[in-house]
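Read off the chains here:
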Amino acid sequence: MSMTTTTAPQTAAEAELAVQARQAPVRSQGYWAGVWKRLRRDPVTVACALILLLMFLAIVFAPLLAPHDPYQGSMLRRLRAIGTPGYLLGTDELGRDMLTRLLYGGRLSWFMGIVPVAIAFVVGTVLGVLAGYAGGKVNMAIMRVTDVFYAFPSVLLAVAISGALGAGILNAILALTLVFIPPIIRVAESVTTGVRSLDFVDAARASGAGAFTVVRVHVLGNVLGPIFIYATSLISVSMILASGLSFLGLGTKPPEPEWGLMLNTLRTAIYVQPWVAVLPGACIFVTSICFNLLSDGLRQAMDVKG
Amino acid sequence: MIRYLIRRILYAVPIALAVGFVCFMLVQIAPGDPINAIVPPDAPGDVVEQVRREYGLDKPLPVQFGIWLMKVAQGDLGRSLATGRTVWSDLSTAIGNTLLLAAVAALLGFALGCILGGLAGTFRGSLLDRVAVGTAVAGVSVPHYWLGMVLVVIFSVQLNWLPAMGAGPGGSADWSWDWEQVKHLILPAVTLSVIPMGIVTRTVRGIVAEIMNQEFVVALRGKGLTRRGVFLHVVKNAAPNALAVMGLQLGYLMGGSILVETVFSWPGTGLLLNNAIFQRDLPVLQGTILVLAMFFVALNLVVDLMQTALDPRIRRA
């Protein structure tokens with residue numbers, strides 16, 4: 001107990017004030033500092049972020065890390081087991097080094113998984129915010145078209161569009177983008193409708209701000225977070241679907257390394273080297289689950305509901 | 001209620017038409033002349049022109065859509081380019097197989113999802129909760145076509161317990177619940193069930209946790225109701241939303257089984273689609289997608305109506 005009674009709190013109310021004063025620096029920190037702090041304390045999210053970062057670096061620096069050429073095979077060393085000297089993860093059905101092909105394959109798999117969500121995020125946010133803010137007929141028009149695409153199960157829609165357009169990376173990306181735009185529109189529309197009716201938006205409008213300014217200054221800041229979180233949760237699905245399209249022969253074409261396509265061409269090898277054959281799928285799984293958990297962690301840290 | 005019923009059913013009509021239009025457009029966006037979806041590419045020129053006139057492909061697009069729609073309404077989905085049979089003849093057997101697979105997978109996934117989700121929601125924060133959440137995340141994150149391969153490696157290649165391919169001697173046309181048939185169903189059904197398992201676990205956990213936090217549960221406990229009694233109250237409150245999610249999942253299973261069917265060569269709509277894509281057999285592609293999408297539209301309608309009927313809290317005008 002301190003003897004400097006002059007500074008010691010005398011009443012409960014003063015004690016409360018003192019506690020608040022001590023907490024003040026913590027409270028005044030920004031929203032993002034709080035998010036960052038919560039994220040760092042979440043071991044699962046941190047682990048997932050680290051794994052994804054390592055994978056990202058590995059596929060970016062694939063040419064430096066890969067021990068062999070991704071296309072150069074040899075009939076003499078087909079389907080070696082995992083742990084073969086010089087071929088750490090074995091070789092594929094054409095005698096190409098698996099480690100090398102997995103490193104290079106990640107480039108296309110990540111690209112095809114993330115790009116559709118990124119494009120859909122931009123397009124879906126624009127259309128959804130427009131529908132939510134404008135309301136009325138604009139809302140009707142955008143949301144009814146969205147309903148139509150909702151009437152297809154997502155895998156079926158992706159297969160239908162890329163199946164009709166034919167195999168190819170661009171067609172697969174186009175198909176996946178079309179799959180992800182409608183759900184993002186729905187989320188964007190619903191959060192925008194919620195924000196639009198809040199007092200500060202009315203106040204901004206009443207003080208003469210134009211629609212564009214209101215959306216840019218007052219609406220976007222409040223809706224981008226939830227939409228972004230939702231979009232990150234789609235990356236996992238997108239990775240699985242993108243590799244799935246390649247697995248069906250609709251995405252990448254051989255001999256290009258891509259995890260889904262590698263899984264497909266190695267299917268015939270499951271009786272010879274089963275554990276080599278399932279490696280590309282394990283890569284998809286790890287990426288997908290990490291993106292999923294990272295998205296969950298972000299949602300909690302940013303305190304977004306839904 | 002009756003007004004809502006009528007409005008909801010009427011609303012499904014434009015959606016179904018629009019879905020039909022999207023399916024119609026699939027052939028239009030396909031590279032090359034849409035006529036190639038009807039006659040083989042090596043047909044002589046005068047035959048091509050004759051068919052073009054017969055099918056009305058020389059007319060403007062909206063008229064073509066009308067003609068196509070009339071045919072579809074009469075059950076004519078065209079003919080397969082690869083086999084020459086009507087699309088419907090192949091499709092009808094395939095749908096039976098897919099429905100069988102999807103139904104079994106749904107039962108597996110829903111049962112496990114409800115149990116895991118219910119327990120996790122009741123005992124939030126427990127070890128059990130963490131295991132359930134982990135299982136759910138793994139279930140929705142796993143590329144199921146890969147899981148299928150892993151299961152084949154374990155149970156077909158290594159242990160030699162279950163067959164890796166096909167639907168057994170009978171298929172769905174001559175399906176019987178004996179071991180020879182059922183053993184072909186196990187691996188594909190388990191593989192397909194992981195996604196609904198994950199989603200249902202998450203959903204049920206969320207719903208149950210929310211209900212358990214409500215005051216009426218405390219009140220029921222307070223008045224001394226047995227655990228069983230409280231459980232029944234929670235189930236009654238959770239059922240409408242949980243059933244709605246499960247209903248839609250069945251539709252996703254029907255449409256999403258293409259990858260699993262490809263892995264296991266299960267003779268359903270997915271394998272049919274896969275073959276159609278490889279042979280660029282556009283009528284089969286279009287017909288299959290149309291029928292599956294229409295099934296999904298109908299399912300959406302049924303789920304909405306069922307949810308309204310089951311849940312007195314939803315008062316829709």
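Caption draft 1: A look at the overall build of chain B. A count of helices and strands for chain B gives 12 helices and 0 strands. For chain B, the sequential pattern of α-helices and β-strands runs α-α-α-α-α-α-α-α-α-α-α-α. For chain B, the spread of C-alpha atoms along the principal axes amounts to about 85 × 60 × 35 Å. In chain B, which comprises 317 residues, the share counted as buried stands at 49%. Considering only contacts within chain B whose residues lie at least 6 apart along the sequence, 71% involve residues at least 24 apart. Accessible surface, chain B: about 15200 Å² in total, of which carbon and sulfur atoms supply 66%. Side-chain charges in chain B split into 23 positive and 18 negative, and the spacing between the mean points of these groups amounts to 17 Å.

Caption draft 2: Representation of the overall build of chain A. A tally of helices and strands in chain A yields 13 helices and 0 strands. Ordering the α and β elements of chain A from the N terminus gives α-α-α-α-α-α-α-α-α-α-α-α-α. Within chain A, the proportion of its 306 residues that are buried is 48%. Counted over contacts in chain A with a minimum sequence separation of 6, partners at least 24 positions apart contribute 71%.

Caption draft 3: Spatial organisation of the pattern of salt bridges. The full count for this structure, using the stated rule, is 7 salt bridges over all chains. For A:R205, the salt bridge goes to A:D202, with nearest N and O atoms at 2.8 Å. Of this pair, A:R205 and A:D202 are both found in helix 9 (residues 199-206), 3 residues apart, which corresponds to roughly one turn of the helix. Using a relative accessible area of 36% as the deciding quantity, one classes A:D202 as partly exposed. Note that B:R8 is salt-bridged to B:D304, the shortest N-O span being 2.7 Å. Here B:R8, found in helix 1 (residues 2-29), pairs with B:D304, found in helix 12 (residues 282-310); they are 296 residues apart in sequence, far enough to count as distant.

Caption draft 4: Representation of the environment of A:L127 in the model. Residue and element names in this part refer to chain A. Looking at the secondary structure, you find L127 in helix 5 (residues 98-134). Overall, L127 belongs to the partly exposed group, its relative accessible area being 28%. Sequence separation of L127 and T91 is 36 residues, and the distance between their C-alpha atoms is 47 Å. Ignoring anything within four residues of it in the chain, the contact list for L127 reads I142 and I185.

Caption draft 5: Seen up close, the interface of chain A and chain B. The interface is formed by 42 residues belonging to chain A together with 47 residues belonging to chain B. Where chain A touches chain B, the interface holds 1 salt bridge. Salt-bridge contacts for A:D296 lead to B:R202; the nearest nitrogen and oxygen are separated by 3.2 Å. Joining chain A to chain B, the criterion identifies 11 residue pairs in polar contact (both at pLDDT 80 or more).

Caption draft 6: Fine view of unusual backbone geometry. A:P254 connects to A:P255 through a cis peptide bond whose omega is 5°. Relative to the elements of secondary structure, A:P255 occurs in the loop between helix 10 (211-247) and helix 11 (259-265). At B:S265, a position not held by glycine, the phi torsion is positive, near 50°. In this fold, B:S265 is placed in the loop between helix 10 (258-264) and helix 11 (269-278). Residue class for B:S265 comes out partly exposed when judged on its relative accessible area of 24%. Located in the positive-phi region is B:R280, a residue other than glycine, with phi close to 50°. Mapped onto the elements, B:R280 comes out in the loop between helix 11 and helix 12.

Caption draft 7: Looking closely at a nonpolar patch on the surface. Residues and elements named next belong to chain A. A contiguous nonpolar patch, built from V46, L50, L53, F56, L57, V60, F61, L64 and L65 and spanning about 820 Å² of accessible area, is present on the exposed surface. Every element with two or more residues in the nonpolar patch is listed here: helix 3 (43-60) and helix 4 (62-65). In terms of residue count, helix 3 provides more of the nonpolar patch than any other element does, 6 residues in total. Tracing the backbone through its elements, the reader meets V60 in helix 3.

Caption draft 8: A look at the nonpolar core. Ranked by internal contacts, the top residues of the largest apolar core, which has 146 residues, are A:V159, A:W259, B:V19 and B:I289. When residues are assigned to domains, this core turns out to be shared by domain 1 (2-73) and domain 2 (91-144 + 194-280) of chain B, each giving three or more. Counting 6 residues, the second-largest nonpolar core is a separate cluster that includes A:V35, A:L39, A:A301 and A:M302.

Caption draft 9: Broad picture of the packing of aromatic side chains. Applying the stated criterion to the full structure yields 11 aromatic pairs over all chains. An angle of 40° between the planes, with centres 6.0 Å apart, marks the rings of A:F56 and A:W110 as tilted. Taken together, the residues span a long stretch of sequence, with A:F56 in helix 3 and A:W110 in helix 5 at a distance of 54 residues. For A:F56, a relative accessible area of 40% gives the class partly exposed. On the basis of an interplanar angle of 50° and a centroid distance of 5.6 Å, the ring pair of B:F24 and B:W68 is categorised as tilted. You can see B:F24 sitting in helix 1 and its partner B:W68 sitting in helix 3 (residues 61-73), a full 44 residues away along the chain. Exposure remark for B:W68: the relative accessible area of 15% places this residue in the buried category. Every member of this aromatic cluster is reached through a ring pair, and the members are B:F21, B:F24, B:F65 and B:W68.

Caption draft 10: Highlighting the packing of helix 5 of chain A against helix 8 (residues 169-196) of chain A. Residues and elements named next belong to chain A. Put simply, helix 5 and helix 8 touch, their axes get as near as 5 Å, and they point 35° apart. The way helix 5 lies across helix 8 gives a crossing that is right-handed. For the contact of helix 5 with helix 8, the class distribution of residues is 24 nonpolar, 7 polar and 2 charged.

Caption draft 11: The arrangement of the side chain of A:D147 in detail. Mapped onto the elements of the fold, A:D147 is located in helix 6 (residues 136-150). Judged by its relative accessible area of 12%, A:D147 is buried. Ignoring sequence-local partners within four residues, the contact set of A:D147 consists of A:R186, B:Y11 and B:I15.

Caption draft 12: Representation of the confidence of the model for chain A in the model. All names here are of chain A. Mean pLDDT for chain A: 83, with 90% of residues reaching 70 or above. Note on residues 1-9: pLDDT under 50 across the span, and 3 contacts to partners over four residues away in sequence or across chains. Every residue in residues 23-27 is under pLDDT 50, and counting partners more than four places away or in other chains gives 1 contact.

Caption draft 13: Just helix 11 of chain B, in detail. Residues and elements named next belong to chain B. Of all the 10 residues making up helix 11, 8 are buried; the element is thus mostly covered by neighbouring parts of the structure. All buried positions along helix 11 are accounted for by T269, G270, L271, L272, L273, N274, A276 and I277. Just downstream of helix 11, R280 is the residue with a positive phi angle, here 50°.

Criteria and thresholds
- Residues numbered from 1 in each chain as written.
- Chains lettered and ligands numbered in written order.
- Predicted model: local features only at pLDDT ≥ 70, side-chain atom pairs only at ≥ 80, totals over all residues.
- Heavy atoms only, no water.
- Helix = DSSP H or I, 4+ residues; strand = E, 2+ residues; numbered from the N terminus.
- Buried < 20%, exposed > 50% of the residue type's maximum accessible area, 1.4 Å probe, protein only.
- Contact = heavy atoms within 4.5 Å.
- Areas by Shrake-Rupley, 256 points an atom, 1.4 Å probe, with all protein chains shown as cover.
- Lys, Arg positive; Asp, Glu negative; His and termini not counted.
- Charge placed at Lys NZ, Arg CZ, Asp CG, Glu CD.
- Salt bridge = Lys/Arg side-chain N within 4 Å of Asp/Glu carboxyl O.
- Polar contact = N/O pair within 3.5 Å; in protein donor to acceptor, adjacent residues only side chain to side chain.
- Patch = residues over 30% accessible without salt bridge, like charges linked within 9 Å, V, L, I, M, F, W, Y side chains within 5 Å.
- Core = buried A, V, L, I, M, F, W, Y, C linked by side-chain atoms within 4.5 Å.
- Domains from an automatic or database assignment.
- Phe/Tyr/Trp six-rings, centres within 6.5 Å; stacked < 30°, edge-to-face > 60°.
- Axes fitted to C-alpha atoms, helices over the stretch in contact; angles between N-to-C directions.
- Left-handed = near helix turned anticlockwise from the far one by under 90°.
- Nonpolar A, V, L, I, M, F, W, Y, C, P; charged D, E, K, R; others polar.
- pLDDT = per-residue confidence, 0-100.

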